[in-house]
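Below, each chain spelled out in residue letters.
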Amino acid sequence: MGHMNILAIETSCDETALSVIHTETFDTENPNFSVLSDLVISQIEIHAKYGGVFPAMAKREHAKNLTPLLVQALQESKLYQESTNVINDADQLKEILEREPELSSELIKLVSKIKKPAIDMIMVTHGPGLAPALWVGVNFARALSILWDIPIVPVNHMEGHITSILLKENYINEKNALLNIHSFTFPYLSLLISGGHTQLVLVKNWGDYQIIGESIDDAVGEAFDKVARMLGFSYPGGPKISQVAIHGKKNDLVQLPRPMIYTKDYRFSFSGLKTAARYLIKELEEKNLLNAHMISDIAYEFEHAVTDVLIKKTILAMQEYSAQGLIIAGGVSANNFIIEAFTKELDEYGSKLYLPEKKLCGDNSLMIATAGFIQYWKNKKTINQSELSAIGNLRL
Ligand code: KG4
Ligand code: ZN
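About the cut-offs
- Residues numbered from 1 in each chain as written.
- Chains lettered and ligands numbered in written order.
- Predicted model: local features only at pLDDT ≥ 70, side-chain atom pairs only at ≥ 80, totals over all residues.
- Heavy atoms only, no water.
- Helix = DSSP H or I, 4+ residues; strand = E, 2+ residues; numbered from the N terminus.
- Rg over C-alpha atoms; globule rule 2.2 N^0.38 Å.
- Contact = heavy atoms within 4.5 Å.
- Areas by Shrake-Rupley, 256 points an atom, 1.4 Å probe, with all protein chains shown as cover.
- Lys, Arg positive; Asp, Glu negative; His and termini not counted.
- Charge placed at Lys NZ, Arg CZ, Asp CG, Glu CD.
- Core = buried A, V, L, I, M, F, W, Y, C linked by side-chain atoms within 4.5 Å.
- Buried < 20%, exposed > 50% of the residue type's maximum accessible area, 1.4 Å probe, protein only.
- Expected span 1.5 Å × (residues − 1).
- Near = heavy atom within 4 Å.
- Polar contact = N/O pair within 3.5 Å; in protein donor to acceptor, adjacent residues only side chain to side chain.
- Domains from an automatic or database assignment.
- Donors = N, O, S within 2.8 Å, 3.2 Å for Na, K, Ca; no water.
- Buried area = accessible area lost by both parts, 1.4 Å probe.
- Salt bridge = Lys/Arg side-chain N within 4 Å of Asp/Glu carboxyl O.

**Quick word on the overall build of the protein**
Of regular secondary structure, the protein possesses twelve helices and ten strands. In terms of overall size, the protein behaves like a compact globule, its C-alpha atoms giving a radius of gyration of 22 Å where 396 residues would be expected to give roughly 21 Å. With respect to the three principal axes, the spread of C-alpha positions in the protein is 70 × 45 × 35 Å. Within the protein, residue pairs in contact and separated by at least 24 positions form 75% of the contacts whose partners lie at least 6 positions apart. Of the accessible surface of the protein, which amounts to about 17200 Å², a share of 49% is contributed by carbon and sulfur atoms. With 37 positive and 46 negative side-chain charges, the protein shows a spacing of 2 Å between the two charge centroids.

**Quick word on the nonpolar core**
Within the largest apolar cluster, 48 residues are counted, with the highest numbers of intra-cluster contacts made by L189, F302, V306, L310, L326 and F342. Taken together, the elements giving at least two residues each to this core come down to strand 6 (188-193), strand 7 (198-205), helix 7 (220-230), helix 8 (238-245), helix 9 (271-286), helix 10 (292-320), strand 9 (325-329) and helix 11 (336-349). For this core, the element with the most residues is helix 10, which contributes 13 residues. When near neighbours in sequence (up to four residues on either side) are disregarded, F342 contacts L191, L310, I311, T314, L326, I328 and L353.

**As for helix 5 (residues 131-148)**
Spacing of three or four residues puts side chains on the same side of an α-helix, whose turn is 3.6 residues. Spanning 18 residues, helix 5 covers 25 Å between terminal C-alpha atoms, matching the ideal 26 Å at 1.5 Å per step. D149 lies just past helix 5 and shows a positive phi near 55 degrees.

**Side note on the site of ligand 1**
As a structural note, the neighbourhood of ligand 1 is formed by 19 residues, with G195, D225, G331, N335 and D363 the closest of them. Take G195: an N or O atom from its main chain is 2.8 Å from an oxygen atom of ligand 1. Measuring from an oxygen atom of ligand 1, one finds a side-chain N or O atom of D225 at 2.6 Å. In isolation ligand 1 exposes 560 Å². Once the protein is present, 87% of that is buried. A domain-level breakdown of the shell around ligand 1 finds at least three residues from each of domain 1 (4-167 + 361-387) and domain 2 (188-355).

**Some words on the coordination of the zinc ion (ligand 2)**
All of the protein donors around the zinc ion (ligand 2) are H157 (NE2), H161 (NE2) and D363 (OD); their distances to the metal are 2.1 to 2.2 Å. Summarised as a motif, the one-chain spacing of the donors to the zinc ion (ligand 2) is H-x3-H-x201-D. Pair noted here: H161 is in helix 6 (residues 157-163) and D363 is in the loop between strand 10 (352-354) and helix 12 (366-379), with a separation of 202 residues, a long-range link. The pair H161 / D363 is uniform in exposure class, with both members buried.

**Some words on unusual backbone geometry**
For the bond from G127 to P128, the omega torsion is -10 degrees, close enough to zero to count as cis. Structurally, P128 is set in the loop between strand 4 (121-127) and helix 5. That bond from F186 to P187 is cis: its omega, 0 degrees, falls within 30 degrees of zero. Within the element layout of this structure, P187 appears in the loop between helix 6 and strand 6. Residues other than glycine seldom take positive phi values, yet K78 does so here, at roughly 60 degrees. Its identity is not glycine, yet N288 carries a phi of approximately 65 degrees, on the positive side. Looking at the element boundaries, N288 is found in the loop between helix 9 and helix 10.

**Let's talk about the domain arrangement of the protein**
Partitioning the protein into domains gives domain 1 (4-167 + 361-387) and domain 2 (188-355). Distance between the C-alpha centres of domain 1 and domain 2: 31 Å. On the domain 2 side, the residues contacting the 21 residues of domain 1 number 22 residues. Each partner contributes to the roughly 1600 Å² buried at the junction of domain 1 and domain 2, and carbon and sulfur atoms together form 74% of this total. It is M158, I162 and I165 in domain 1 that bury the most area against domain 2; as a group they hold 37% of the surface buried on that side. Here domain 1 is connected to domain 2 by zero salt bridges. Linking domain 1 to domain 2 there are four residue pairs in polar contact (both at pLDDT 80 or more). Going through the elements one at a time, helix 1 (44-48), helix 6 and helix 12 are the ones with two or more residues in the side of domain 1 that touches domain 2. Counting residues per element, the side of domain 1 that touches domain 2 draws most heavily on helix 6, which supplies five residues.

So this is what it looks like as structure tokens:
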């Protein structure tokens, strides 16, 4: 297959995202693509009021967002053309969209007034994530697959985060948005830190991963968000903790544990740290000491506690597995303090750090396109829409 346009879909949590990429070089040794459109609608403000992501609400928002996003993505990609169109597979479609009433009517309205666009393949996140949220994207993909008669490549969201480091700095204006995928000498270690995951993954090759350790309870992002909430910040609190921590300092009244830092394995635990923070905040509050300075000092100490543990275990794993470099990805990789600490540490250790572009740290569909693209390039495997389902606890 030569020229191809690919639509990528991401709805695993609270970002609805669609991208269109174009490739001319799928079959060559050096595959690459350009980005025709890359869109994200964040639901953060909607969920902020409730202190976290509500699956049912996320599902409804995705359903509302997907059709207008598709219009915009096709327009930006110059693939949008109006024309009356008869829908042939109405029964099959109805069955798929039965569970997505908010999506159904808008989508059917749209596809009956546009010409089938030159999209050749769909890549969609099928897990891990919030099942109701994932299902909207999956059913959207299945419906389009039937309507436009195109195959699907299911993508693991975490693989998306790992491969997000393959996009060039100016990927948007690049004919070849991907770095040369042969310029990497495996194995790498990947530290995945997001709202739902904290994992150390051995990257043996693109598409070949092994989880070597993970959190036994809360994820790093989740701990950030929960501690932020205790300090009075709205969801998602991770970025707010890092903002106030800048003004914080070492304070003898503010001491938090470094859970499991000396265990010789790659498991993490952040729930105890969160509980310790809760007791500390309560104690300081009772003593009337919880002012803005103190809050900054708590944020500072919390960030240090998390970072100390992450660094200790990551370096240990890099040594054991002779990793050639470290990939840090996932939403929390937007945290400057953590990244600066790792940069310094890896410099001393003599190894290279790979990070996604800031824009691609959070959830997006370009990383899904990238992971799906590499997977298809390696295996040339697609599936039929009937074989696709959402898997909330999908593993790498
Ligand atoms: O990968 P992501 O966008 O969604 C999931 O797949 O979970 O990660 C979101 C998480 C949230 O917990 C958010 O608070 C955290 O990433 N986060 C941060 C920062 N920016 C986002 N945590 C700490 N510091 C930040 N600057
Ligand atoms: Zn994510």
